Amino acid sequence: MPSTVLCTGKATYKKQNGTLQLTNSHITWTPDGKVAPSLKIPNMDHSSLLCSKVGAAQVKLKLVLYSFSEGHTFTFTNPAPVATAEREQFKNEITNYISRNRTARASGQLPTDAPATPATTNNFAAPPPRTPTIRPPGGTPRASSIASDKSGSGNDVADYQLRKRVLLNSPELATLHRELVMTGQITESEFWDGREHLLSAQAAMENQKKGKSGQLVDPRPQTVDGEIKIVITPQLVHDIFEEYPVVGKAYSENVPSKLTSEEFWKRYFESKLFHANRASIRSSATQHVVKADPIFDQYLVKDDDGLEPRKPVAGDVEMFVDLGATAEDHGETGNQGDTTMQAGRQKAALPLIRRFNEHSERLLKSALGDGPSAKRRRLNDSNSMDVSQIELDDLKDSQASEGIALDMKNSQRYFESRATSEGDTPVQVSVPQAFNELESCLGGWERSLTHFTIDKKAMEAGLASMTSNVKSRLEVKTKRKEIPENLMRQMSTCQTAANEFLRHYWHSIYPPPSQASLPLTETLKNQRAAKAAKMAGYLASTREKVEAIVKAAPYEKVDPRRVELAMRPVLDAVNKALAFQRNRIARGGTPNPQTPR
């Protein structure tokens, strides 16, 4: 049977953070970010105990062993009240083992030279053999004892931090982890087995670099303390200089020789230069009411509103992104030319459009660099009309699963029984005749649509049914709030724990595709059978937990039948798993997990 966790706490050992845990057989210390403990001491080896003074700056506990007289010192790292409470809990539990050890050694039940496991004793029992657990390929097994942590790597710490951030972002998952892993019901690797997608999504989100904003720099006034102001920040100044180099040139030539920085920005936002750079067509109309400024007016340039842009396009435009590539396919026809899409028809919009184009080009250069990117080289080097040039690699599924082949015994008999049954004779169907009959039945369907009418009563009945459905859903949603938070939390905890045990149970019976391809050795078969038995043992207590919640419902002024009805799907799933486990035991063997039943 698994070890029972008596107490646990955060503590440092040799200036390294970790978790100290005491069970009914050992005391272990596991560094943060690792699964296997670096220090594991049998409880029968405890000799004496030393503690720091009450009110000391550090809450310490020193454990002296029969096999190691220098002992091990642990420093609890939680806040002072919590650390002291954890230390006292360890102290009380370990003191009991020290007293038992001294009594057993005085009576000769334990040897005095080494901490060996006793053969027979009433006070101590040999540590139970650990049940092997199934782990994904490449996983780190939980070792029985490790002398040092030299085998650890930076990846372990990174994995621990990644899992921690996933738990912090999902309170429900963190609660499940605390109730199942921290209590020792399942291991850390078992908990994350099947949740690799959460870790991958979190890692992808953190590794994604935030690019430059695609929005044009256009400072807008905002109300600050009842006054309309434009808030200037260092980032805004940097963006303005990068987007409009002429403003940066004006700043370097006039500050601080002619204007202070404050005066410069105040006059800039009141000048025609600012309104000329605004991302709006209305800015041109505003220039007629803005007063002249002798400093900023000299930096004004004529609007780029000609048919040809003032700045020519550098290089050839790829055919797949050239809007004029198909112009020759749309020649003029009739008596009047098509001028609906004529460039420059709205002259006031041309400067703004070209400003957007220049901004987009700067964004591409900031993301791809000045040199030709791999995608640009691929487009330029290809002279053929290859559609793969416009394919997006991000939209391809690189991990598409082909699924698991269904292995059926006597599959021919299955299809024969579906095709024919007793007393029936197969019917020969002529394909041309069937098509002719279908065509005759569909003849004149266009004329039939003109005579199609909808019954008014049927429409009213359908509308009433939909309204009733929405009303019932709303009632269920409002009634859900009638269950007190404490009772709802107990129900949710029971359900999530049962679902987790069910997931591990069925994975041990029918492993996922990542493990189904492994060779089914005798060791692996025994591991899966042991894990299934362990999970079935946890599932057997689900009914007792549900009954306790149902009995507590009247005290929360909730109808017990509502709680029982809500938990019935969980109980049905648990009962099905337990019945399946009983059948496996009754058959005296374990079915092939790779064969669906």
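Residues numbered from 1 in each chain as written. Predicted model: local features only at pLDDT ≥ 70, side-chain atom pairs only at ≥ 80, totals over all residues. Heavy atoms only, no water.

A. The arrangement of the overall build of the chain in detail. Of the regular secondary structure elements, the chain holds 21 helices and nine strands. Burial analysis of the chain (597 residues in total) assigns 28% to the buried set. Pairs at least 24 apart in sequence give 58% of the contacts found in the chain among residues at least 6 apart. Element-wise, carbon and sulfur atoms account for 54% of the exposed surface of the chain, whose accessible area totals about 40900 Å². (Helix = DSSP H or I, 4+ residues; strand = E, 2+ residues; numbered from the N terminus. Buried < 20%, exposed > 50% of the residue type's maximum accessible area, 1.4 Å probe, protein only. Contact = heavy atoms within 4.5 Å. Areas by Shrake-Rupley, 256 points an atom, 1.4 Å probe, with all protein chains shown as cover.)

B. A look at the pattern of salt bridges. In the structure shown here, the tally under the stated rule is nine salt bridges. For Arg195, the salt bridge is made with Glu500, and the minimal N-O distance between the two is 2.5 Å. Note that Arg195 is positioned in the loop between helix H4 (188-192) and helix H5 (196-207) and Glu500 in helix H17 (residues 485-509), a separation of 305 residues in sequence. Accessibility expressed as a relative area gives 11% for Arg195, which makes it buried. Each member of the salt-bridge network shares a partner with another, and the members are Arg195, Glu500 and Arg503. (Salt bridge = Lys/Arg side-chain N within 4 Å of Asp/Glu carboxyl O.)

C. Main features of the pairing of strand E3 (residues 26-31). Taken across its six residues, E3 has six buried, putting it largely inside the fold. With burial as the criterion, each face of E3 is covered, one bearing His26, Thr28 and Thr30 and the other bearing Ile27, Trp29 and Pro31. Pairing analysis gives five bridges linking strand E2 (residues 17-23) to E3, with the strands arranged antiparallel. Residue pairing for E3: Gly18 is matched across the bridge by Pro31. Counted along the chain from E2 to the antiparallel partner E3, the turn is two residues long. (Pairing = 2+ DSSP bridges.)

D. Expanded view of the nonpolar core. One finds Ile186, Phe191, Trp192, Phe501, Tyr505, Leu539 and Val574 to be the most contacted residues of the largest nonpolar core, which totals 28 residues. Where this core is concerned, the elements lending two or more residues are helix H2 (154-169), helix H3 (171-180), H4, H17, helix H19 (522-539) and helix H21 (560-587). Examining the composition of this core, we find that six residues originate from one element, H17, more than from any other. Both domain 2 (159-191) and domain 4 (485-510 + 521-586) contribute no fewer than three residues apiece to this core. If sequence neighbours within four positions are ignored, Leu539 has contacts with Ala498, Phe501, Leu502, Tyr505, Val574, Ala577 and Leu578. (Core = buried A, V, L, I, M, F, W, Y, C linked by side-chain atoms within 4.5 Å. Domains from an automatic or database assignment.)

E. Inspection of the packing of H3 against H17 at higher detail. Orientation of H3 relative to H17, taken along the N-to-C sense of each, is 70°, at an axis distance of 10 Å. The orientation of H3 with respect to H17, classified from their angle, is roughly perpendicular. Two secondary-structure elements touch here, H3 through Leu176, Glu179 and Leu180 and H17 through Thr493, Thr496, Ala497, Glu500 and Phe501. Looking at the contact of H3 with H17, its residues break down into four nonpolar, two polar and two charged. (Axes fitted to C-alpha atoms, helices over the stretch in contact; angles between N-to-C directions. Parallel < 35°, antiparallel > 145°, perpendicular 65-115°, else oblique. Nonpolar A, V, L, I, M, F, W, Y, C, P; charged D, E, K, R; others polar.)

F. Spatial organisation of a nonpolar patch on the surface. A cluster of nonpolar side chains, Val431, Phe435, Leu438, Leu442, Trp445 and Leu449, forms an exposed patch at the surface whose accessible area comes to about 670 Å². At the level of elements, helix H14 (431-441) and helix H15 (445-450) are the ones that each hand at least two residues to the nonpolar patch. With three residues, H14 is the largest single contributor of residues to the nonpolar patch. Along the polypeptide, Leu442 turns up in the loop between H14 and H15. (Patch = residues over 30% accessible without salt bridge, like charges linked within 9 Å, V, L, I, M, F, W, Y side chains within 5 Å.)

G. Geometry of the sheet that holds strand E4 (residues 39-42). Read across the open sheet, the seven strands follow the order E4-E3-E2-E1-E7-E6-E5; overall the sheet is antiparallel. Two strands close off the open sheet at either side, each with one partner strand: E4 and strand E5 (46-51). Going from strand to strand, the sheet's axes swing by 30° on average, the running direction of each strand aside. The pairing of E3 with E4 spans four bridges and is classified as antiparallel. The partner of Ile27 across the bridge, within E4, is Ile41. The sheet strands contacting helix H1 (residues 80-106) are strand E1 (5-12), E2, E3, E5, strand E6 (59-65) and strand E7 (72-76), and the helix crosses E5 at an angle near 150°.

H. The arrangement of unusual backbone geometry in detail. Residue Pro256 is reached from Val255 by a cis peptide bond, and omega for that bond is 0°. With respect to the helices, strands and loops of the structure, Pro256 is situated in the loop between helix H7 (245-254) and helix H8 (261-268). Positive phi values are uncommon outside glycine, yet Lys557 reaches one of about 60°. Along the chain, Lys557 falls in the loop between helix H20 (542-552) and H21. When its relative accessible area of 80% is taken as the criterion, Lys557 is described as exposed.

I. Seen up close, the packing of aromatic side chains. Per the stated rule, a full pass over the model turns up 22 aromatic pairs. Here Tyr505 and Trp506 contribute two aromatic rings whose centre-to-centre distance is 5.0 Å and whose plane-to-plane angle is 75°, an arrangement assigned as edge-to-face. A relative accessible area of 0% places Tyr505 in the buried class. One aromatic cluster in this structure is built from Phe241, Tyr251, Phe264, Trp265, Tyr268, Phe269, Phe274 and Phe296. (Phe/Tyr/Trp six-rings, centres within 6.5 Å; stacked < 30°, edge-to-face > 60°.)

J. Seen up close, the environment of Phe74. Residue placement: Phe74 occurs in strand E7. On the accessibility criterion, Phe74 (1% relative accessible area) is buried. Placed 60 residues apart in sequence, Phe74 and Lys14 show a C-alpha to C-alpha distance of 8.0 Å. Look past the residues within four positions of Phe74 in its chain and what remains in contact with it is Ala11, Thr12, Tyr13, Leu20, Trp29, Leu39, Val59, Lys60 and Leu61.

K. Spatial organisation of the confidence of the model for the chain. Mean pLDDT over the chain: 76, with 74% of residues reaching 70 or higher. Confidence drops under pLDDT 50 across residues 112-154; counting only partners more than four residues distant or on other chains, this segment forms 67 contacts. Note that pLDDT drops below 50 for residues 591-597; the model gives that stretch 16 contacts with residues more than four away or on any other chain. (pLDDT = per-residue confidence, 0-100.)

L. Highlighting H7. Listed in full, the buried residues belonging to H7 are Val247, Gly248, Ala250 and Asn254. For H7, the angular spread of buried residues about the axis comes to 160°, placing them on one side. Along H7, the residues that are exposed and aim more than 90 degrees away from the buried face are Pro245 and Ser252. (Arc of directions from axis to C-beta.)

M. Main features of the environment of Leu61. Relative to the elements of secondary structure, Leu61 occurs in strand E6. Judged by its relative accessible area of 1%, Leu61 is buried. Separated by 13 residues in the primary sequence, Leu61 and Phe74 have C-alpha atoms spaced 5.3 Å apart.

N. View of the side chain of Asp45. If you trace the backbone, Asp45 turns up in the loop between E4 and E5. Residue classification places Asp45 among the buried residues on the basis of a relative accessible area of 2%. Of note is the side chain of Asp45, whose polar atom sits 2.6 Å from the side chain of Ser67. (Polar contact = N/O pair within 3.5 Å; in protein donor to acceptor, adjacent residues only side chain to side chain.)

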